[in-house]
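Chain and residue survey
The residues making up each chain are set out below.
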Amino acid sequence: MINGETLKLAIISGANNISSIKARINDLNIFPVPDGDTGTNMSMTIVAAADALKDAEAGTVADVSRMTASAMLRGARGNSGVITSLLFRGISKGLEGKTEADGADLIHALGLGVEAAYNAVTKPTEGTILTVARMGYEAGLEALMTEEDPAALWEIVCDAALDALEQTPEMLPVLKKAGVVDAGGKGILTIFEGMLSVIRDGVVVEYDETASESVGDDTSDDFFRSAAAEFDDVINFTYCTEFIVGRDPEIKEDPNDLRLFLETIGDCVVTVADDEIIKVHVHTENPGEALQKGLTYGQLLTVKVENMKEQHKKAKEDNDKAKAEKEKAEKAEPVIAEPTEEYGFVAVAAGEGLSNLFNELGCLNVVSGGQSMNPSTEDILAAVLATPAKKVFVLPNNKNIIMASEQAKALAEDREVVIVPTRTIPQGLSAMLVFDPDSDTETNVENMMQAAKHVATGQITFAARDSEFGARRIREGEIIGLDNGKLTVTSSTPNKALYKLAKSMITKDMSFVTLISGEDVSDEDAAAAVEMLESKFADQVDITYIKGDQPIYYYIFSVE
């Protein structure tokens, strides 16, 4: 039998297990666009439950599962996080009223979780987290005919889930082409395996921060950064010195001699060499000596010297400050506004300029978030409750935030919440502009979504990982352009990518273009982008420029 304490420790163990390898799960994402990565979203969702359980009395399995479901619902981030929370909400329903759980209770509860997760997705796709959870449950259900022990049954669930995960590339061709398994499926298996460690062996998996590091091949930048980072916790020398030498073909000295010399003046030495360059990382008290030795191999192409003691001092100060602010915020009571107005709006957007723009259009509360920064269900709920309206319209403005918004809707009991499922910032802005206070809710939602659908959205960002675009390989960091979410162009600079994408998206039947610049675009580059659009397209469309200051995207532009 499983009691409340065992279930509590199992949830904590599952949270630790996925948190330890969240970066590896993120790396399974096959699309190069920066997003609210699967491993991060799932780990943050279940960590919300682990945090709630750590200082709580375990009580019964019903108590623990109820606390888990409640915390995960509020902490759910991204679609993968919401699906994970729904799995555990179903488990909570299955364990309702029980003091302890036997094997049959555990499997039947998992079945309710799988059912809830499938029901929440309009068009369930096999080869995903849903498949992995379902096949694990089905194997456990079949095993009930001959097995009663909870530990043995949960091990069967994990084994079947692993088999299902390994089959996901056969179910989704894009996974097979990329040579990876489904990220969400890997995430839920990792949680289940963490739980198994407690249920079967009584051992809580500890969180291992170093396990989440990704290491590439010996000649990659990723390897260089990861290998060097392994040493950065211990400061025996003051200066972290990194440089790249452009090798002189006339100089035949062995790069290994450079490494041996650096080891005599410091530690944490990493050198990576090919026929053209030597990349060096060393901790030393004498950066000049390291650089002087490097010059004997060729010209210095880049140099970076940092005082690690000062860095660690500042990092500690910043960390202590952030921790204090977080604790203060967590202790503060959420603001709940009396619903005195008939209607109000909540939008999700990142960047001061975009936040101000939504405010000007009538959104009293803007939740900070978007691509790579998916707000939790609780974040959205807090904004809804802080809006003094009987009816609150929520614009997620990102496809990965719609499910969390729907969960927030279910938690707001004292006011009606209406989700307008906008998928981009331009869609959200267009939807706001057509809202009619004299129309009913159904008509407004229909009109707002019609307006959103008539907006074509272009986005200029960078490749977060190596991938493939048609027959061409895309390298991490390369500038890419998206036409309504579809990767269509690549380029060397944001402005060049903007021109190529705008040229393909602006057609004769278009009338308006709105360009929104991000936080990483200088005023000079933004001005050049506007000038370029005006010189090429001003005779076709009216062009409006907004300084959005959004992260991730150099430019967002709408075409109507």
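Above: the structure in question.
Rules behind the numbers
Residues numbered from 1 in each chain as written. Predicted model: local features only at pLDDT ≥ 70, side-chain atom pairs only at ≥ 80, totals over all residues. Heavy atoms only, no water. Pairing = 2+ DSSP bridges. Helix = DSSP H or I, 4+ residues; strand = E, 2+ residues; numbered from the N terminus. Axes fitted to C-alpha atoms, helices over the stretch in contact; angles between N-to-C directions. Contact = heavy atoms within 4.5 Å. Patch = residues over 30% accessible without salt bridge, like charges linked within 9 Å, V, L, I, M, F, W, Y side chains within 5 Å. Areas by Shrake-Rupley, 256 points an atom, 1.4 Å probe, with all protein chains shown as cover. Salt bridge = Lys/Arg side-chain N within 4 Å of Asp/Glu carboxyl O. Lys, Arg positive; Asp, Glu negative; His and termini not counted. Charge placed at Lys NZ, Arg CZ, Asp CG, Glu CD. Buried < 20%, exposed > 50% of the residue type's maximum accessible area, 1.4 Å probe, protein only. Right-handed = clockwise from strand over helix to strand, strands pointing away.

Some details on the sheet that holds strand β7 (residues 389-395)
Strand order in the open sheet formed by 4 strands is β6-β5-β7-β8, with parallel pairing between adjacent strands. The open sheet has two edge strands with one neighbour each: β6 (365-368) and β8 (416-419). For this sheet, the mean inter-axis angle between neighbouring strands, taken without regard to orientation, is 20°. Taken together, the 6 bridges between strand β5 (residues 341-349) and β7 define a ladder with parallel strand orientation. When the bridges of β7 are listed, valine 346 appears paired with valine 394. Its contacts with the sheet put helix α16 (residues 377-385) on β5, β6, β7 and β8, and the angle it makes with β6 is roughly 170°.

Structural notes on a negative patch on the surface
Together, Asp159, Asp163, Glu166 and Glu193 make up a region of like negative charge exposed at the surface. With a relative accessible area of 43%, aspartate 163 lands in the partly exposed category.

Some words on the pairing of β6
Taking every second residue as pointing to the same face, the buried face of β6 carries Asn365 and Val367, while none of Val366 and Ser368 on the other face is buried. Where β5 and β6 come together, 4 bridges link them in parallel fashion. From the neighbouring strand, alanine 347 faces β6, where its bridge partner is valine 366. The β-α-β motif built from β5, the intervening helix α15 (residues 352-360) and the parallel element β6 has right-handed crossover chirality.

Examining the pairing of strand β14 (residues 512-518)
Here β14 lies mainly inside the structure; 6 of its 7 residues are buried. As paired elements, β14 and strand β15 (residues 542-550) share 7 bridges and run parallel to each other. By the bridge assignment for β15, valine 513 is matched with isoleucine 543. In this fold, the crossover linking β14 to β15 by way of helix α21 (residues 523-537) has right-handed handedness. Bridge count for β14 against strand β16 (residues 555-559) is 5 bridges, and the pairing is antiparallel. Its bridge partner being in β16, isoleucine 516 is matched across the sheet by isoleucine 556.

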